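Here's the letter readout for the chains.
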Amino acid sequence: MAKSDHPQSWGFEVSDHFGGGIILHLQGRMDAASAAAMIQRLIPVVKGRSIRSLAVDLRGVTYFDDFGALVLVELRDAVTQEGGEFTLENVSEKIREILSILNFEALGKRAPFAGKRSPDVFARLGDGTLRHLSEMKFLTSFAGSVFLAFSYILFHPRSLRKDDTLLYMQKTGVDALPIVGLISFLLGLIIAFMSSVQLQQFGANIYVASLVSLAMTRELGPIMTAIIVAGRSGSSFAAELGTMKVSEEVDALFTMGFDPTRFLVVPKLLASVIVVPFLTLFSSVFGIAGGLLVGVSMLDLTAGAYIAKTVDTLTLFDVYWGLLKSVVFALLIAWIGCFRGFRVTGGAASVGQATTSAVVSSIFLIILTDSLFAVILRYWG
């Protein structure tokens, strides 16, 4: 029998087995002190022979722990990699219990990759339909809650949180003026520059003023303002309410007898409806100013002629039409932003998802509503 460097610790003996296999008789302790030496000595013994099977006899093992199980795993892997079979013999009840706890059969083996079968198109369509129907149910319920909150404030004006309303008017309107003005100015400049390329061929430079003023007042002014407000304020509403929902502040308000919709949503909704039309007016003015710059610097138009053509082209209906759109867009932005915030469940990741969803949903509804306005204007005219 071959011994280790520490005879009192462990030892082993190898005997042949019928059919081209071997039996490895282990003795002594299989623990942390002996595991490294056992692996270093036993693996070459196993790999140095072309064996069909390896049986490990544990009759002489006096102590066994998880490091002993590691030795058995290494022996099993060395045999199975060469196509041999691995078995254990004379396993005591104590060793069997340890191997069972460690799940010896699975130790060292890579779990097979279980490819998840993706559902077919009909299953995905049905799941999406049910999910959106559920969202529509909560959306309708939230709309009713907002309507009741506004009705209560209409009959009890003193219940409105005026300070918060003014604060949200500043955040939504005043703080957004620089970015709205800059983007609208550049947009008007681009429209004037692109249209002038075509109109110059017919000597109709003056009609650049008509095109820019109508485009900004009726369409691009309300839309661009609404998209900017959705990105700034709509996402802010969703993140604020979502954080309050996660930290259970909304539940605390409800427990104290406050209506969360009236307490949190109405000031945001009212502030948006008040300031977004003013932002739209500023957007139209800055867009026309951008067109004026192109008309004066590139089209040889005078500022007076450009402004006079703009005034002749625009009517009060065009201005009111753009303001009506902006009011509807403001309602949609605040409504969707607050709704997404109240629907947050879980943790910080859910807040981020709600914020993204609020912006995407708001922009989609803005474009959809604008297309409906275009159809109404077409048949109304």
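Only a predicted model underlies this, so the values are computations on that prediction, with no experimental measurement involved. (Residues numbered from 1 in each chain as written. Predicted model: local features only at pLDDT ≥ 70, side-chain atom pairs only at ≥ 80, totals over all residues. Heavy atoms only, no water.)

Draft legend 1. Region of the structure containing the overall build of the protein chain. When helices and strands are tallied, the protein chain shows 12 helices and five strands. Relative to the compact-globule value of 21 Å for 381 residues, the protein chain shows a C-alpha radius of gyration of 38 Å, a clear excess of over 25%. Projecting the C-alpha coordinates of the protein chain onto the three principal axes gives extents of approximately 110 × 65 × 40 Å. In the protein chain, buried positions account for 40% of the 381 residues. Here the contacts in the protein chain between residues at least 6 apart in sequence split such that 81% fall between residues at least 24 apart. For the protein chain, the accessible surface area stands at approximately 21,100 Å², while carbon and sulfur atoms represent 65% of it. (Helix = DSSP H or I, 4+ residues; strand = E, 2+ residues; numbered from the N terminus. Rg over C-alpha atoms; globule rule 2.2 N^0.38 Å. Buried < 20%, exposed > 50% of the residue type's maximum accessible area, 1.4 Å probe, protein only. Contact = heavy atoms within 4.5 Å. Areas by Shrake-Rupley, 256 points an atom, 1.4 Å probe, with all protein chains shown as cover.)

Draft legend 2. Structural context of the packing of helix 9 (residues 260–298) against helix 10 (residues 303–313). At a closest axis distance of 9 Å, the pairing of helix 9 and helix 10 adopts a crossing angle of 140°. Put simply, helix 9 runs oblique to helix 10. Between helix 9 and helix 10 lies a crossing whose hand is right-handed. Taking contact as the criterion, the partners of Ile288, Gly291, Leu292 and Val296 in helix 9 are, on helix 10, Ala303, Tyr306 and Thr310. A class-by-class count of the residues in the contact of helix 9 with helix 10 yields five nonpolar, two polar and no charged. (Axes fitted to C-alpha atoms, helices over the stretch in contact; angles between N-to-C directions. Parallel < 35°, antiparallel > 145°, perpendicular 65-115°, else oblique. Left-handed = near helix turned anticlockwise from the far one by under 90°. Nonpolar A, V, L, I, M, F, W, Y, C, P; charged D, E, K, R; others polar.)

Draft legend 3. Seen up close, the packing of aromatic side chains. This model, assessed by the stated rule, comprises seven aromatic pairs. On the basis of an interplanar angle of 90° and a centroid distance of 5.4 Å, the ring pair of Trp321 and Phe373 is categorised as edge-to-face. Of this pair, Trp321 sits in helix 11 (residues 316–342) while Phe373 sits in helix 12 (residues 348–380); the two residues are 52 residues apart in sequence, bridging distant segments of the chain. Put simply, the rings of Phe142, Phe339 and Phe342 pair up and form one aromatic cluster. (Phe/Tyr/Trp six-rings, centres within 6.5 Å; stacked < 30°, edge-to-face > 60°.)

Draft legend 4. The arrangement of the packing of helix 4 (residues 121–155) against helix 9 in detail. At a closest axis distance of 10 Å, the pairing of helix 4 and helix 9 adopts a crossing angle of 85°. What the angle tells us is that helix 4 and helix 9 run roughly perpendicular. Contact residues: Phe142, Ser145, Val146, Ala149, Phe150, Tyr152 and Ile153 in helix 4; Thr261, Arg262, Val265, Val266, Leu269 and Leu270 in helix 9. Here the residues of the contact of helix 4 with helix 9 are counted per class, giving 10 nonpolar, two polar and one charged.

Draft legend 5. View of the nonpolar core. Core analysis: the biggest nonpolar cluster contains 30 residues, and Leu26, Met30, Leu42, Leu54, Leu58, Phe64 and Leu75 have the highest contact counts within it. For this core, the secondary-structure elements that each account for two or more residues are strand 2 (10–17), strand 3 (21–30), helix 1 (32–47), strand 4 (53–64), helix 2 (66–80) and helix 3 (93–102). By residue number, the principal contributor to this core is helix 2, which donates seven residues. Ignoring sequence-local partners within four residues, the contact set of Met30 consists of Met38, Leu58, Val61, Tyr63, Phe64, Asp65, Gly68, Val71 and Leu72. Tyr168, Leu241, Ala334 and Ile336 belong to the second-largest nonpolar core, a separate cluster that totals 18 residues. (Core = buried A, V, L, I, M, F, W, Y, C linked by side-chain atoms within 4.5 Å.)

Draft legend 6. Molecular detail of helix 6 (residues 177–199). Given a rise of 1.5 Å per residue, 23 residues ought to cover 33 Å, and the 32 Å separating the end C-alpha atoms of helix 6 matches this to within 8%. Listed in full, the buried residues belonging to helix 6 are Val180, Gly181, Ser184, Gly188, Ile191, Ala192, Ser195 and Ser196. (Expected span 1.5 Å × (residues − 1).)

Draft legend 7. How the structure looks around the pairing of strand 3. With seven of 10 residues buried, strand 3 is to be regarded as a mostly interior element. Where strand 2 and strand 3 come together, eight bridges link them in antiparallel fashion. Following the sheet pairing, Val14 is matched in strand 3 by Leu24. With eight bridges joining them, strand 3 and strand 4 adopt parallel strand pairing. Counterpart to Gly28 in the pairing with strand 4 is Val61. (Pairing = 2+ DSSP bridges.)

Draft legend 8. Expanded view of the environment of Arg41. As for its placement among the helices and strands, Arg41 is situated in helix 1. On the basis of relative accessibility, which here comes to 33%, the residue Arg41 falls in the partly exposed class. Sequence separation between Arg41 and Glu89 is 48 residues; the distance between their C-alpha atoms is 20 Å.

Draft legend 9. Quick look at a nonpolar patch on the surface. Together, Ile179, Leu182, Leu186, Ile190, Phe193, Met194, Val197 and Met298 make up a nonpolar patch on the protein surface, roughly 710 Å² of accessible area in all. In terms of residue count, helix 6 provides more of the nonpolar patch than any other element does, seven residues in total. (Patch = residues over 30% accessible without salt bridge, like charges linked within 9 Å, V, L, I, M, F, W, Y side chains within 5 Å. Salt bridge = Lys/Arg side-chain N within 4 Å of Asp/Glu carboxyl O.)

Draft legend 10. Main features of the pattern of salt bridges. This model, assessed by the stated rule, comprises eight salt bridges. Glu240 is the partner of Lys268 in a salt bridge, and the nearest nitrogen-oxygen pair spans 3.6 Å. Here Glu240 lies in helix 7 (residues 207–246) and Lys268 lies in helix 9, a separation of 28 residues in the sequence. Here Lys268 falls in the buried class, since its relative accessible area comes to 1%. Residue Glu240 is classed as partly exposed on the basis of its relative accessible area of 27%. A salt bridge links Asp259 to Arg262, with the nearest nitrogen and oxygen atoms 3.5 Å apart.

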